[in-house]
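If you want the building blocks of each chain, they are given just below.
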Amino acid sequence: MGEQRPDETQKPTALRSDAQRNRERILEVALAEMTRDPEIPLSAIARKAGVGQGTFYRNFPSRDDLVLEVFRHEMAQVAESAAQLLETLPPDEALRAWMDRLAEHALAKAGLMEALRHAMSATGAQKPSPADLMAAVSRLLTAGQEAGTLRTGVTAEDFFYLIAGLFSIPADEQWKERSTRMLDLVMDGLRVRS
């Protein structure tokens, strides 16, 4: 009488994972599209993400909700990539690769800055905390210091002061070249000299 058929227990899980994939896809498309054009219609984002309007608005009832979540999601993705990079690369190379991910985040932030300011003022939301990014760079620096490839005594706070200029590079056609050159110089200063 109270037994569930196997397909009844599996169906909700499939819907939840499908809903999660839809949400992830919306955020991925929104980041790319809103970085290029912060005023892009939400219907265009939904279409490019391959979801219907109902699915879109169920996840993100307003543009402000979407902007805030895109920014939080991107920060989380950048932070989480530190552990993944350390699994596959030596610590100093992992840090340099992570710096490139952070640079992409900086470019997205520049493209979304006005929309982010508006979303925070409209919703009363607080600026997203950089705590996860600080923890990620601490992990990378510690791994490199323990491996003897990065200078000891450098903290996550020091690191972010060193790369602060990254967030002020104009988002133009020379952005990639400038950010790469700047991050290479920072990395040269962080590496232990033989």
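Note: the structure precedes this text.
Right, let's walk through the structure included here.

About the criteria used
Residues numbered from 1 in each chain as written. Predicted model: local features only at pLDDT ≥ 70, side-chain atom pairs only at ≥ 80, totals over all residues. Heavy atoms only, no water. Salt bridge = Lys/Arg side-chain N within 4 Å of Asp/Glu carboxyl O. Helix = DSSP H or I, 4+ residues; strand = E, 2+ residues; numbered from the N terminus. Buried < 20%, exposed > 50% of the residue type's maximum accessible area, 1.4 Å probe, protein only.

**Quick look at the pattern of salt bridges**
Applying the stated criterion across every chain, the model contains eleven salt bridges. Across the pair Glu33 and Arg36 runs a salt bridge whose closest N-O atoms are separated by 3.1 Å. Here Arg36 and Glu33 lie together in helix α1 (residues 6-36), a separation of three residues that amounts to about one turn. Classification of Glu33 as buried rests on a relative accessible area of 13%. Between Arg96 and Asp100 there is a salt bridge, with its nearest N and O atoms 2.7 Å apart. Here the residue Arg96 and the residue Asp100 both occupy positions in helix α5 (residues 91-123), the gap between them amounting to four residues, near one helical turn. Residues joined in a network through salt bridges with shared partners are Arg23, Glu69 and Arg72.

**Quick look at helix α2 (residues 42-49)**
For α2, the complete set of buried residues consists of Leu42, Ala44, Ile45, Ala46 and Ala49. Gly50 occupies a position one or two residues after α2 and carries a positive phi of about 75°.

**Brief notes about the environment of Gln20**
You can see Gln20 is positioned in helix α1. Take Gln20: its relative accessible area is 39%, and that puts it in the partly exposed class.

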